[in-house]
Amino acid sequence: MFNRATKTALFILLLAFQSFGQQAGPSGCKAPLKPIPSMKTTVGFIRVNCKSNGATWDSTGTGFFVTVGDKLPPERQGFTYLVTNRHVAQPKKEGKVVNILNTYLRLNQCSPDAREESVEFPLGPGLRWYFPADEADDLAVLPFTPDPRKVIYSVVPLSLFATKDVIASQEIAEGDKVVFTGFFYQFSGIQRMEPVVREGIVAMMPSEKIVTTLGKPGNLYLADVHIFGGNSGSPVFVNTGGTRGSNVTGDHFWLLGIVSGGVHEDADFKLTVATTVQGKLQANSGICAVVPVDKLKAVLEQPELQKLRDDVIERPSPKK
């Protein structure tokens, strides 16, 4: 028998499976699924309402959507997941996980007059996030599909993941251009959600481990791109072609990884990898820590998530 958490996850995945015939797009909420028209539509703003020692506060970050389409017929596009950092989904204070009162996701609504006013809706307390087996990897994945009839969003398919094989075949290396989009705490939009887009280059792709934002040795890429508080969880795309602007159609843009923090410089010129949500850093070196997308793929391929997808796929279709 399934426990409550498993039943809830299966229900969410079933909703995801049933809603993928059409996907949200910038021109309307019933547009057929197309290549990602703009990376800005892949992200949403995450706000976690926390409580510790009698005090409440909000922790903010970025999330984006990916899709897994294994064992599905051509008319189905896959299962959707919300991706962010573990330190965004599960904030800590003084090294301890805090009590989470609720988690909210902000997206732009589908409006008849095309104003695209945003809406912030609760995801519910006690969410079943999935985390990497390696505790150094700062990632969190939630099976979740927003209603494409109500909000605007796009998904990043596995075919756009810059895995190690893609990096080798595309000869992705230091110096290649990268671009990310995410929450901009100085101005995140009043009536509508306004993600910021920034660009830079791949600075380092070390084979050795680096201390990650979770304080443990792990694999990271480093990008020379300026990030701010709230950019944690932002998708980072690498450009292997000559397309200009923020469009990520075609084969030129690949999802390289996920922003997890910045390399910050203190008064003694010591460099430390830290999360972007703390806002207590003396200097931003301009180097961004990026969790490789291979780590995200490994979470999506965890046996528990795979079984949930298999259970939904094998479930008989409802009779008409």
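Look a little higher up for the structure.
If you're wondering where the values come from, they're calculated on a predicted model, not measured in any experiment.

Enquirer: Talk me through the overall build of the protein chain; I want residue IDs and the actual numbers.
Expert: Helix and strand counts for the protein chain come out as 5 helices and 18 strands. Look at the contacts in the protein chain between residues 6 or more apart in sequence, and 68% of them connect residues 24 or more apart. Of the roughly 15600 Å² of accessible surface on the protein chain, 52% is carried by carbon and sulfur atoms.

Enquirer: Help me get a handle on the side chain of N49, residues and values and all.
Expert: Tracing the chain through its elements places N49 in strand 1 (residues 43–52). Among the polar contacts made by the side chain of N49, one reaches the side chain of D58 at a distance of 2.9 Å. Those residues in contact with N49 that lie beyond four places of it in its chain are W57, D58, N99, I100, L101, N102 and Y104.

Enquirer: Residues and numbers for the environment of F237, please.
Expert: Positionally, F237 belongs in strand 15 (residues 235–239). Judged by relative accessible area, F237 falls into the buried class, the value being 1%. In this structure, the C-alpha to C-alpha distance between F237 and I258, residues 21 residues apart in sequence, is 8.9 Å.

Enquirer: Account for the pairing of strand 10 (residues 177–182), with residues named and values stated.
Expert: The element strand 10 is largely enclosed, with a buried count of 5 among its 6 residues. In this structure, strand 10 lies alongside strand 11 (residues 196–204), joined through 6 bridges in antiparallel fashion. Of the residues in strand 11, the one forming a bridge with F180 is R198. Relative to strand 15, strand 10 is paired through 4 bridges, and the arrangement is antiparallel. The partner of K177 across the bridge, within strand 15, is N239.

Enquirer: An account of the nonpolar core is requested, with residue identities and associated values reported.
Expert: Within the largest apolar cluster, 29 residues are counted, with the highest numbers of intra-cluster contacts made by V66, L255 and L296. If you list the elements that add at least two residues to this core, you get strand 2 (55–68), strand 3 (79–84), strand 16 (253–265), strand 18 (284–292), helix 4 (293–300) and helix 5 (303–314). Top element by residues in this core is helix 4. It accounts for 4 residues. Apart from the residues within four sequence positions on either side, L255 is in contact with F64, V66, V156, L160, F161, A162, P235, V236, F237, V293 and L296.

Reading guide: rules and limits
- Residues numbered from 1 in each chain as written.
- Predicted model: local features only at pLDDT ≥ 70, side-chain atom pairs only at ≥ 80, totals over all residues.
- Heavy atoms only, no water.
- Helix = DSSP H or I, 4+ residues; strand = E, 2+ residues; numbered from the N terminus.
- Contact = heavy atoms within 4.5 Å.
- Areas by Shrake-Rupley, 256 points an atom, 1.4 Å probe, with all protein chains shown as cover.
- Polar contact = N/O pair within 3.5 Å; in protein donor to acceptor, adjacent residues only side chain to side chain.
- Buried < 20%, exposed > 50% of the residue type's maximum accessible area, 1.4 Å probe, protein only.
- Pairing = 2+ DSSP bridges.
- Core = buried A, V, L, I, M, F, W, Y, C linked by side-chain atoms within 4.5 Å.

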